[in-house]
Amino acid sequence: MKDPGHHMTDDGVHIQWPDGSPELRLPPASPLHGNLAERIARAGRPLNTRCGQRGLCAGCTVELVTGSFHEKNGAVIPAPAAVKACQGDVSAGEGATMVVPIRSLAVHSPQVVSSFKVNIPAAQDPSVPVVAGSRDHGLAIDVGTTTVVVALVDLATGAIVGDASALNRQVEMGDNVLTRIQLAGEQKARIALQDAIVKRTIEPLVREVCSAAGVGPERLAGAVVAGNTTMLHLLTGTDPTPMGVAPFRAPFTDHRILAAGELGMREIPAGAPVHLLPGFSAYVGADLVAGAMCTGLFTEPGPSLLVDIGTNGEIVLCHDGRLLATATAAGPAFEGGRLSNGTRAVAGAVERIAFPDGRFPPAIEVIGGARRAIGICGSGYVDFLGLGRRIGLLTPNGRLNGDAWEALPPEHRHAEGGSRGVVLNPREPATTITEADIAHLLQAKAAIAAGILALLRRAGLAPGDIRRVHLAGGFGLHIDVAHAIGCGLLPGFVPSQVEAVGNTSLGGAWLALVDRGILTEMTAHATAAEIVELNLEPGFEDSFIDQLALP
Amino acid sequence: MTTLELLSEAVASGKSKDAKALVQRALDEGTAPVEIVDRALVPAMASVGEQFKNNLIFVPEMLIAARAMKEAMSLLEPKLLAAGITPKYTAVIGTVQGDLHDIGKNLVAIMWKGANFRVIDLGTNVSPAKFVAAVVEHKAQLVGLSALLTTTMPAIVETVKAIRGGVGQAVKIMVGGAPVTQQFADEIGADGYAPDAGSAVDRAQALVGAA
Ligand code: B1M
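Scope of this entry: the structure provided in the associated data block.

How each quantity is defined
- Residues numbered from 1 in each chain as written.
- Chains lettered and ligands numbered in written order.
- Predicted model: local features only at pLDDT ≥ 70, side-chain atom pairs only at ≥ 80, totals over all residues.
- Heavy atoms only, no water.
- Helix = DSSP H or I, 4+ residues; strand = E, 2+ residues; numbered from the N terminus.
- Rg over C-alpha atoms; globule rule 2.2 N^0.38 Å.
- Contact = heavy atoms within 4.5 Å.
- Buried < 20%, exposed > 50% of the residue type's maximum accessible area, 1.4 Å probe, protein only.
- Areas by Shrake-Rupley, 256 points an atom, 1.4 Å probe, with all protein chains shown as cover.
- Lys, Arg positive; Asp, Glu negative; His and termini not counted.
- Charge placed at Lys NZ, Arg CZ, Asp CG, Glu CD.
- Salt bridge = Lys/Arg side-chain N within 4 Å of Asp/Glu carboxyl O.
- Donors = N, O, S within 2.8 Å, 3.2 Å for Na, K, Ca; no water.
- Buried area = accessible area lost by both parts, 1.4 Å probe.
- Nonpolar A, V, L, I, M, F, W, Y, C, P; charged D, E, K, R; others polar.
- Near = heavy atom within 4 Å.
- Polar contact = N/O pair within 3.5 Å; in protein donor to acceptor, adjacent residues only side chain to side chain.

**Digging into the overall build of chain B**
(1) Moving on: A tally of regular secondary structure across chain B gives nine helices and five strands.
(2) Moving on: The N-to-C order of helical and strand elements in chain B reads α-α-α-α-β-α-β-α-β-α-β-α-β-α.
(3) Moving on: In terms of overall size, chain B behaves like a compact globule, its C-alpha atoms giving a radius of gyration of 17 Å where 211 residues would be expected to give roughly 17 Å.
(4) Moving on: Projected onto its principal axes, the C-alpha coordinates of chain B cover approximately 50 × 35 × 30 Å.
(5) Moving on: In chain B, the share of contacts with a sequence separation of at least 24, taken over all contacts with a separation of at least 6, comes to 71%.

Structure below.
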C-alpha cells in the first residue's frame, strides 16, 4: 500500500530482525496508521501482542536504536529505548531504526502437536457421510488457545494421511481466553475473532494438508472439532460473555452439528457436517472430554487421572464409575510469561537443564540445536526447580540457598539490587533465572498441584492410589516427569504412575470422526461429570499456600 | 530474646504453629493483647511488607507469613473485641462482583490488620450495593476493591460509581489486583491503587492520613 503523503526516503522506519531475515522498511508514521505493532503485523510479521494491545504485557517490546517513539498517551521517548510497539508509533514523519527481539515475535515452531496415544478400540463407522471414491476424507481438528492442528483422515481406512499446525491467529488479539472473552462481548470483535480462527487459521491449514496429501477439498465429507469451551464459542461466533464472570456458565457445552457453510469454512463443501464435541463445563472443555475418551480414562480400571497443563490446568478423575473434573488457573509462567528470560517452547529456547555431578555449570539443551539461546521455556524451568532442591541450590521456599549461591563461580551469579539469580551459561545472556522468576513459577505449580489434590481429596484418594496419570498436551510431552514430581507440580506421585499421552484432544476428535458411536459415549460422560469449583472447595487456599513450597 | 521478639520473628518467617504457641505464652506471661499486637504483630507485618517492597521476599513467603499472622490474630481478636479495643481506622475490603479470587485480597486484608486497621472483609463476589451498605454501617474511612480477572474490571467501575453515589467522597477508595493498573485507577476515579500488598499498607495509611 502506498501512502501518498510520504515518499520512501531514508525517513522510513527500518526494522531489523536478529534471526538475520531481511530488514523490513515501513513508511514514516502518520496519525492514520494505528500503532506500530499493527503496522508490523500488516507487513506480515505479527508481534506477540498477547495482552490484546493493551500495554499490559511486554510481549511486543522493540528496541529503538535511532529516532523516537510517540506513545499514545503523549509521551515521546528518545532512542535508545525499549518500547511497547502496541502503545504508539515512531514520531510522525521521522526516520527510525529498531531491532525486534526474537521473543517479541508471534512465531510458531510446531512441536509434536499431532502425536497422541489412543488406548481404546474404535469401529470403522465414520460420523460424517462417506461416498466411496468421491467424498471419502474427513478432518480432525484441535482448536487450542495457542495452537491449532488439522489432521486429514482417509475415512476408508481411518488412517491419518497428513497433518498441519499453526499458531491460532486470535493470539494477536489476546493470548489468554479471558482477554478474548472480554473482547468478544462486542459484536465487531467477535466477528474478527471468528475470522481469525476460521479464515486465517483453519482454512490455510486445510489447504495445506489437502494439497500435501494430494486430496482435493471437494473430497472432504466433514470434520470433527475438539477444543476448549471458549474456542468453540469463538469458532461459532457465539457470545461467550457469561463465561467471564461468576458463576462462569457456558452458553453451550453440548455436542453440536453445523454445516461447514454455516461456519464460513469455505474449504469444506458447504453442506458437509462439522461436529463440535461436547465439553464438561466452561473451563473443562471438549478437549478434555476428547482426551479422556482417547486415553481410555472412562473405561480402564481406575482410579485414573487426566491432567493437561497449560495456562489453565484441567484435571479429570475417574474412580469407581464416578467422574470429577476441575480447572485450575496456572497463569502463563510455564509458557515463559512474566519471567525475566522466559519464552514459549520455540527454536532457541532452553528446554533441558541438567547438573552433571550435581553442581554448576549446568548442561543445557536448546530447541532446534540453535547456537544462541533466546530464553528458557517451561520444561527447562521444571528441570531447574526439580533439581535445584536436590543439589542444595534452592530452599523449600524457593529461595537461592545463601551459602550455595555464594559458592557459585562469580560468572554464574546474578545480583541486581537486593534480588539474586543464577546464570545458567554466562556466555548466553538469556539464561538467567532470578528468585522473582522462581516465585512466579511456584504460584503456577502450586495452583496445578492444589487442583489435583483437591480432586483426590473429594474422592478420598491419595496420590499413591492412582493407577495411571495421563499427562496430556504439548507441555506434558516435553517435561521430565521425574522433575515435575520432584518440584511438586505432580505432587506425591512416582514416575511409573505417569504417562505422557500427547495431543489427546486431537486424538479424541479423530476417534469421534472414524467411529460415530464415540459421540454418544462422549455426551453421556460429559453430562455425568461432577464439576468441582475450586473457589468453593474448603481448604483450597491452604493447600495452595502449602504447595508453594518445594518438596 | 523476649517472647514478643520471638513471636515477631515466627510470624515474619511464617511459622504458624510457633506463632500460635508464642501468642499463648505471651498471654500466659500476662502481656495485654493490645500490647502483643502493637509490639509483635504490627512490627512483624511491617517488616514483611518492607522486605517485599525491596524484593527481599516474594509472594510465596508473604502468603506463608500472612497465614501465621492470621493464626496469631485469631487468638487475639476475640480478646481485643471483649476489651472494647478497636483500631482508629476502619477499612472495608472485598472482591468485586463476578470474581471469586480472594488470596490476594486476603493478603491485603491481613496486612491492613497488621498496620492496625479494623478490617471488615466482605469476601468474594460482592455486589456494589453490599460495598456501599458496609461502608455506611461500619463508618469506614477506606474501602478496598480487588479483582483478578480482566472480565471483572468493569465491576470495579460499577462499584466505584455506586460508592460515590452512595457516600460521595466520604470514603477513600483503593483498587488493586493483577489486571488493575494506576492508569485504570485514575481513569475510574479511585483514590488509590497498589500493585501489591506491601504498598497497599503505605497507600492505605496515606489515604486515611495515618502516615
Ligand atoms: C484494595 O487494594 C488492593 C491492592 C492490591 C491488591 C488487591 C487489592 N488485590 C490484590 N492485590 C495485589 O496484592 C496481592 C499481593 O501482592 C496481589 O494479589 P494476587 O492475587 O495477584 O496474588 C496472590 C497473592 C497470589 N495469586 C493468586 O491468588 C492468583 C494465582 C492464580 C494462579 C489463580 C488462582 C490461584 C486461582 N484461580 Co484464577 N488464578 C490466576 C492466577 C495466575 C497467577 N499465576 O497469578 C488467574 C488470575 N485466574 C485466571 C482465570 C482465568 C481463572 N481463575 C479461576 C479460578 C482460580 C482458582 C479457584 C483455581 C484459584 C483461586 C483461589 C482463590 N480462592 O482465590 C477461574 C475463575 C473463578 C474465579 N476465581 O473467579 C478462571 C476464570 C478460570 C479457571 N482457570 O478456572 C486467570 C485470569 C486471566 C485474565 N486475563 O483475567 C489467571 C491470571 C490465570 C491464567 N489462567 O492466566 C496483587 O494483585
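There is more to say, and it comes next.
**So, the overall build of chain A**
(1) Moving on: Looking only at helices and strands, chain A features 14 helices and 26 strands.
(2) Moving on: In terms of C-alpha radius of gyration, chain A reaches 24 Å, essentially the compact-globule figure of 24 Å for 551 residues.
(3) Moving on: Considered along the principal axes of its C-alpha atoms, chain A spans approximately 65 × 65 × 40 Å.
(4) Moving on: The buried share of chain A, taken over its 551 residues, is 57%.
(5) Moving on: Counting only contacts in chain A whose residues sit at least 6 apart along the sequence, the fraction spanning at least 24 positions is 66%.
(6) Moving on: Summed over all atoms, the accessible surface of chain A reaches about 20,800 Å², with 53% contributed by carbon and sulfur.
(7) Moving on: Placing the 42 positive and 54 negative side-chain charges of chain A at their respective mean positions leaves the two points 2 Å apart.

**Digging into the pattern of salt bridges**
(1) Moving on: Per the counting criterion, the structure on display carries 28 salt bridges over all chains.
(2) Moving on: As a salt-bridge pair, E335 of chain A and R344 of chain A come within 3.7 Å of each other at their nearest N and O atoms.
(3) Moving on: For R344 of chain A, a relative accessible area of 22% puts it in the partly exposed group.
(4) Moving on: One salt bridge connects E158 of chain B with K161 of chain B, and the closest N-O pair in it is separated by 3.8 Å. One end of the pair, E158 of chain B, and the other, K161 of chain B, are both in helix α7 (residues 153-167), three residues apart, so they sit about a helical turn from each other.

**A short note on the coordination of the cobalt atom of the ligand**
(1) Moving on: Of the protein atoms, H101 of chain B (NE2) alone serves as a donor to the cobalt atom of the ligand, at 2.2 Å.
(2) Moving on: In this fold, H101 of chain B is placed in the loop between β1 (89-95) and α5 (103-114).

**As for the interface of chain B and chain A**
(1) Moving on: Residue-level contacts link 25 residues of chain B with 26 residues of chain A.
(2) Moving on: Where chain B abuts chain A, roughly 2,200 Å² becomes buried across the two surfaces, and 65% of that area is made up of carbon and sulfur atoms.
(3) Moving on: Broken down residue by residue, the surface that chain B buries against chain A is led by F58, R67 and T151 of chain B, which jointly contribute 26%.
(4) Moving on: Applying the counting rule to chain B against chain A returns three salt bridges.
(5) Moving on: The closest approach of N and O atoms between R67 of chain B and D542 of chain A, which form a salt bridge, is 2.7 Å.
(6) Moving on: Per-element accounting of the side of chain B that touches chain A gives the leading share, six residues, to helix α4 (residues 59-82) of chain B.
(7) Moving on: Partitioned by chemical class, the residues of the side of chain B that touches chain A number twelve nonpolar, nine polar and four charged.

**So, the site of the ligand**
(1) Moving on: As a structural note, the neighbourhood of the ligand is formed by 42 residues, with N312 and A329 of chain A together with H101, D102 and T150 of chain B the closest of them.
(2) Moving on: Proximal residues around the ligand fall on chains A and B, making this an inter-chain site.
(3) Moving on: In the model, a nitrogen atom of the ligand is placed 3.0 Å from a nitrogen or oxygen of the N535 of chain A side chain.
(4) Moving on: Taking D99 of chain B, its side chain carries an N or O atom lying 3.4 Å from an oxygen atom of the ligand.
(5) Moving on: Counting only elements with at least two residues in the shell around the ligand, the list comes to β17 (322-329), α9 (435-458) and α14 (540-547) of chain A together with α5, β3 (142-146) and β4 (172-176) of chain B.
(6) Moving on: With four residues, the top contributor of residues to the shell around the ligand is α5 of chain B.

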